Amino acid sequence: MAAKAPTTLVEDFRPFVESKLWALQRQYFATRGQQAWSAGEVPHYVTSNPVVAAAYAEVLVAFRRDRLRRDPTEEALWIVELGAGSGRFAHHLLQQLAALCEREGLDPAGFRYVLSDFCAANLEAWAQQPRFVPLFASGQLERARFDVMDTSALELEHGGGRISPGELGAPLVVIANYLLDSIPADLLCFRQGQVERGLVRLRQRQEGGDAPEAALLQTLELNYRSEPLAAAPFAEPSLDGLLAEYQRQLAELEEAWLLFPAPALRALERLAALSRQGLLLLSADKGHHRLEEVVLPQPPALVTHGSFSLSVNYHALCGWAAAGGGQALVPDPGRGGLHTVALLRLPEAEDHRATAAAWRRHLAAFGPGDYLKLSQLACANADQLSAEQLLAFLRLGQGDSHLFRRLLPRLQRLAADLQPQERLDLLESVAQVERMQFPLDGREAEAIEEGLRALRESEARPQPLAPELLALQRELDWLAALVQARVERLFRRQGGEANLPLIPEPPPLPTGSEAASPWAELVGELAAEPLARLALALVLAAQLRPAALDPLMLNNPALERRFSECGGLLRETGFEPTGDTLAL
């Protein structure tokens, strides 16, 4: 039997909530910044994909309608995402929210979004993120430093301004995905009606030499004991009331351990205080909301993954909401895996019926964990899936680039045999992926672009396409080449270069079997009006091949802003061509 690795003392026994563990956690995120997610160290895909974002958008729109039903003049809803990290979820949610508002006839200006984190490097990364530039410019998106341990107001870093306690006239919406499992919590021990505070000692395993401090979390050994806790230890009636209720309910147990989220509850109290109308919390995390599931027979074990995490005590959060006259929306008993919870801590919470219905329909009935299981099933069995099944999974993914990349090899092999409607479905899915993709580094961006390019190349091989699709493909290819040539001419003209690229001629009119299609008839009608034909191609590209318009978003190097000749509007869904674009 191998000898146990020697250990050295890192920190002697002290209250769990004050342990050096939490300083190491903060140091990890502050040091790694965006690499915590781009390198795959911290899991986030399960709560940061277009499907979960679409479900949250449904709840937010329902909540907005509930509020407008009560007061048609109520101001816009501010949405604060805590620990927004990579920013990927915010991108997906804002895309889905914009599309849903358009379908529902709801003004998107009724929502303002704040990316927040304690880590300055993440705030700076968001400011430089190309996907966020038009959202910051429009005022729909803001960023602010928020530390769950002490921040009481939101200092908006892009447009300036401050959200102070009592300032908002509409409820504040708080999103906390994969956050509550990673912030400090108290550890309590209940023994025959008495409550004690959990203490922890940290020792480091010596595994082949000293571990660098960044890797210290992975080499820690934790030892626990407890000590008596003073009466009313929190000096806050809401927290001491919750503690007293736990002490009453667990009085008969010989020994029971409980993570008590006092820091999280204090943070929610401070956030709720920003509004005169209370707070709506949407949270997805690993945890439980039933008493018998949050009570532990022994102290908790850390789950390490770059950082570390613990199970969330949603039971305490639900009790906090109820104590404030609110309502908790929780999964049905027996639903394992990721927990998705909505807390309405606001006046007349139960009157928000549309919100509750949307949460049940879009998050309780089919939650983030359900989608994760299905996407994993699709990826594991991709080689056995038919084209019809692959396209069904892509539609379910709503532009999920993670899923798309893993199904791509199978799609490429089947591309030549797709039926006309299947090819149209694939084109629509590819356009969704292009709108939704949010690469966290250059390698990921290259992988996605390479996958899309490979798929287009497979489409270009001889295959039994419907005539109108062949003609449509040539039209979009022409437009892509035209856009590239015009942008290159702009750049070279600025630099005084000769040998400007030629402007490509439009493709010939469809003939033979291709001419007997509605698309060919339309192109034929526009043959005498080249500008009208080009306008039609621009409109189609914005929907079917948005990447063809990406060169129009490049900056003029002399002025460090976009070429005014390109026109267009930078929408949440990408570049929207205008008359100036057509004139170019």
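Residues numbered from 1 in each chain as written. Predicted model: local features only at pLDDT ≥ 70, side-chain atom pairs only at ≥ 80, totals over all residues. Heavy atoms only, no water.

(A) How the structure looks around the overall build of the chain. Regarding its fold elements, the chain presents 20 helices and 21 strands. In the chain, buried positions account for 51% of the 584 residues. Long-range pairs, those at least 24 residues apart, make up 74% of the contacts in the chain between residues at least 6 apart in sequence. About 25,800 Å² of surface is accessible on the chain, with carbon and sulfur atoms providing 52% of the total. (Helix = DSSP H or I, 4+ residues; strand = E, 2+ residues; numbered from the N terminus. Buried < 20%, exposed > 50% of the residue type's maximum accessible area, 1.4 Å probe, protein only. Contact = heavy atoms within 4.5 Å. Areas by Shrake-Rupley, 256 points an atom, 1.4 Å probe, with all protein chains shown as cover.)

(B) Expanded view of helix α3 (residues 50-70). Taking 1.5 Å per residue as the helical rise, α3 with its 21 residues ought to reach 30 Å, and the 30 Å between its terminal C-alpha atoms agrees with that figure. Counting buried positions over the 21 residues of α3 gives 16, a clear majority of the element. Between a side-chain oxygen at the N-terminus of α3 and the backbone nitrogen of Val-51 the separation is 3.1 Å; the capping residue is Asn-49. (Expected span 1.5 Å × (residues − 1). Polar contact = N/O pair within 3.5 Å; in protein donor to acceptor, adjacent residues only side chain to side chain.)

(C) Seen up close, the packing of aromatic side chains. Scanning the model with the defined rule gives 11 aromatic pairs in all. In this structure an aromatic cluster arises from ring pairing among Phe-16, Trp-22, Tyr-224, Trp-257 and Phe-308. The ring of Phe-118 carries Arg-26 above its face, with NZ or CZ at 4.4 Å from the centroid. Positioned above the aromatic ring of Phe-13, the side-chain terminus of Arg-225 is 4.6 Å from the ring centre. (Phe/Tyr/Trp six-rings, centres within 6.5 Å; stacked < 30°, edge-to-face > 60°. Lys NZ or Arg CZ within 6 Å of the ring centre and 35° of its normal.)

(D) Broad picture of the nonpolar core. With 71 residues, the main nonpolar core has Tyr-56, Leu-93, Phe-111, Tyr-113, Leu-115 and Phe-132 as its most contacted residues. Beyond its immediate chain neighbours, meaning those up to four positions away, Leu-93 contacts Ala-53, Tyr-56, Ala-57, Leu-60, Tyr-113 and Ile-175. Judged by nonpolar contacts, the second largest core, of 52 residues, contains Ile-163, Leu-172, Phe-234 and Val-341. (Core = buried A, V, L, I, M, F, W, Y, C linked by side-chain atoms within 4.5 Å.)

(E) Region of interest: the environment of Val-200. Looking at the element boundaries, Val-200 is found in strand β9 (residues 194-205). The contacts of Val-200, once residues within four sequence positions are left out, are Asp-12, Phe-13, Arg-14, Phe-16, Ser-19, Leu-222, Asn-223 and Tyr-224.

(F) Layout of the pattern of salt bridges. If you walk through the whole model with that rule in mind, you get 23 salt bridges. As a salt-bridge pair, Arg-32 and Glu-41 come within 2.6 Å of each other at their nearest N and O atoms. We classify Arg-32 as partly exposed; its relative accessible area is 24%. Measuring nitrogen to oxygen at the nearest pair gives 3.5 Å for the salt bridge that ties Glu-104 to Arg-65. Note that Glu-104 is positioned in helix α4 (residues 88-104) and Arg-65 in helix α3, a separation of 39 residues in sequence. You can call Arg-65 partly exposed: its relative accessible area is 34%. Among the charged side chains, a salt-bridge network with shared partners connects Asp-66, Arg-69, Arg-70, Glu-348, Asp-351 and Arg-353. (Salt bridge = Lys/Arg side-chain N within 4 Å of Asp/Glu carboxyl O.)

(G) Seen up close, the packing of helix α12 (residues 368-380) against helix α13 (residues 387-397). Relative to each other, α12 and α13 sit at 150°, their axes nearing to 11 Å. With respect to each other, α12 and α13 are oriented roughly antiparallel. Crossing hand, α12 versus α13: left-handed. Along the contact surface, α12 presents Tyr-371, Leu-374 and Ala-378, while α13 presents Phe-393, Leu-396 and Gly-397. Split by residue class, the contact of α12 with α13 holds 5 nonpolar, 1 polar and no charged. (Axes fitted to C-alpha atoms, helices over the stretch in contact; angles between N-to-C directions. Parallel < 35°, antiparallel > 145°, perpendicular 65-115°, else oblique. Left-handed = near helix turned anticlockwise from the far one by under 90°. Nonpolar A, V, L, I, M, F, W, Y, C, P; charged D, E, K, R; others polar.)

(H) Expanded view of the environment of Glu-81. Here Glu-81 shows up in strand β2 (residues 77-81). Counting along the chain gives 33 residues from Glu-81 to Val-114, while the straight-line C-alpha distance between them is 6.2 Å. With sequence-adjacent residues up to four places away left out, Glu-81 is seen in contact with Phe-89, Ala-90, Tyr-113, Val-114, Leu-115, Ser-116 and Ile-175. A polar atom in the side chain of Glu-81 sits 2.6 Å from the side chain of Tyr-113.

(I) How the structure looks around the packing of α13 against helix α15 (residues 420-436). In contact at an axis separation of 10 Å, α13 and α15 are set at 30° when each is read in the N-to-C sense. Between α13 and α15, the angle is such that the two are roughly parallel. Where α13 crosses over α15, the two elements pack in a sense that is left-handed. Of α15, the residues touching α13 (which contributes Ala-387, Glu-388, Leu-391, Leu-394 and Arg-395) are Glu-422, Asp-425, Leu-426 and Ser-429. Its residues placed into classes, the contact of α13 with α15 shows 4 nonpolar, 1 polar and 4 charged.

(J) Molecular detail of the side chain of Thr-151. Structurally, Thr-151 is set in the loop between β4 (141-145) and β5 (154-155). Look at Thr-151 and you get buried, because its relative accessible area is 9%. Among the polar contacts made by the side chain of Thr-151, one reaches the side chain of Asp-150 at a distance of 3.4 Å. In this view, Thr-151 contacts Arg-145, Phe-146 and Arg-270; residues no more than four positions away in its chain are not counted.

(K) Quick look at the pairing of strand β8 (residues 186-191). Most of β8 is tucked away, with 5 of its 6 residues classed as buried. Here β8 runs beside strand β11 (residues 256-260); their pairing, made up of 5 bridges, is antiparallel. By the bridge assignment for β11, Asp-186 is matched with Phe-260. Judged from the 4 bridges that link them, β8 and β9 form a sheet pairing that is antiparallel. Within the sheet, the bridge partner assigned to Phe-190 lies in β9 and is Val-195. Hairpin connection from β8 to β9: 2 residues lie between these consecutive antiparallel strands, with Gln-192 at a positive phi of about 45°. (Pairing = 2+ DSSP bridges.)

(L) The environment of Asn-122, seen in detail. Summarising the element assignment, Asn-122 is placed in helix α5 (residues 120-128). Residues contacting Asn-122, with those up to four places away along its chain left out, are Gly-33, Gln-34, Trp-37, Gly-85 and Asp-117. Of the polar contacts made by the side chain of Asn-122, one reaches the side chain of Asp-117; its length is 3.3 Å.

Take it as geometry only, folks, not as evidence of what the structure does.
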